[in-house]
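Below, each chain spelled out in residue letters.
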Amino acid sequence: MSVETFRKPCRVGVLISGRGSNMLALSDAIRDGRIAGALMVAVISDQRDAAGLQRAATRGIETLTIERRGRTRAEHDGETVAALQSRGVDLVCLAGYMRLLSPHFIEAFRGRILNIHPSLLPSFPGLHAQRQALEHGVRWTGCTVHFVDETLDGGPIIAQEVVPVLDDDTEETLTARILVAEHKLYPQALALIVRGRYEIAGRRIIRH
Ligand code: GRF
């Protein structure tokens, strides 16, 4: 994977399926100047009732719903890719987007798709990462921002934040503690990528 150099402003599109708290954390960070040179141009949901859509709209960000409506993944992704491209999106941030991307989508934005996952990858990929961590009995977990490739939560790691697991944790309390870390980590990771001061060596992202 080669390092992308993004034009400025770097046009960011965010894909969500639900409440969109990470999308808001990114939007806040852009507004506050913590992600220099980034502009959030669209928030797209595959779910009509995603709470994050309303929250984005009240901030003046363009919102769209692109539902699957019985179409294949390739057809649905084709429409999403077209919507992103027609808005000149340079970088795609997945933020609680509950669909796997098709090879066509990944190819269209290779090296330009980020995701946040609520565990220290490669531990606990897939669904219910916080529950997996509790059930496994780890003392530390956290969150990871990574590039998206064809593997499930397996692309090169951009940034991670460690979160303790406490003796009296439930899935809910652990999820809430990790979410606080997510809201800090995702803006930092996006800022790093937009700034472009890194290189990729194998799977390693080396910061300059
Ligand atoms: C977050 O825990 C994120 O790590 C995972 O899905 C959740 C989305 O939450 N991929 P939100 O929609 O950003 O509030």
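Residues numbered from 1 in each chain as written. Predicted model: local features only at pLDDT ≥ 70, side-chain atom pairs only at ≥ 80, totals over all residues. Heavy atoms only, no water.

A. Quick look at the environment of arginine 99. Along the chain, the position of arginine 99 falls in the loop between β4 (91-94) and α4 (103-108). Assessed through its relative accessible area of 15%, arginine 99 is described here as buried. Between the C-alpha atoms of arginine 99 and aspartate 46, which are 53 residues apart in sequence, the distance is 8.4 Å. Those residues in contact with arginine 99 that sit more than four places away from it in its chain are Asp46, Arg68, Arg73 and His76. A polar atom in the side chain of arginine 99 sits 3.3 Å from the side chain of histidine 76. (Helix = DSSP H or I, 4+ residues; strand = E, 2+ residues; numbered from the N terminus. Buried < 20%, exposed > 50% of the residue type's maximum accessible area, 1.4 Å probe, protein only. Contact = heavy atoms within 4.5 Å. Polar contact = N/O pair within 3.5 Å; in protein donor to acceptor, adjacent residues only side chain to side chain.)

B. Representation of the site of the ligand within the structure. Taken together, the residues surrounding the ligand are Arg19, Gly20, Ser21, Asn22, Gly96, Ile116, His117, Pro118 and Glu182. Between an oxygen atom of the ligand and a main-chain N or O atom of asparagine 22, the distance comes to 2.9 Å. At 2.7 Å, a side-chain N or O of glutamate 182 approaches an oxygen atom of the ligand. Out of a free accessible area of 370 Å², the ligand has 86% covered by protein chains. Secondary-structure elements contributing two or more residues to the shell around the ligand are α1 (21-31) and β5 (113-117). (Near = heavy atom within 4 Å. Areas by Shrake-Rupley, 256 points an atom, 1.4 Å probe, with all protein chains shown as cover.)

C. Structural context of the environment of valine 180. Along the chain, valine 180 turns up in helix α6 (residues 171-195). When the C-alpha atoms of valine 180 and cysteine 143 are compared, they prove to be 9.9 Å apart, with 37 residues separating the residues in sequence.

D. Examining the pairing of strand β8 (residues 198-201) more closely. Side-chain alternation along β8 places Tyr198 and Ile200 on a buried face and Glu199 and Ala201 on a face that remains uncovered. Relative to strand β9 (residues 204-207), β8 runs antiparallel, the two being bridged by 4 bridges. Within β9, the residue paired with tyrosine 198 across the bridge is arginine 207. Hairpin connection from β8 to β9: 2 residues lie between these consecutive antiparallel strands, with glycine 202 at a positive phi of about 65 degrees. (Pairing = 2+ DSSP bridges.)

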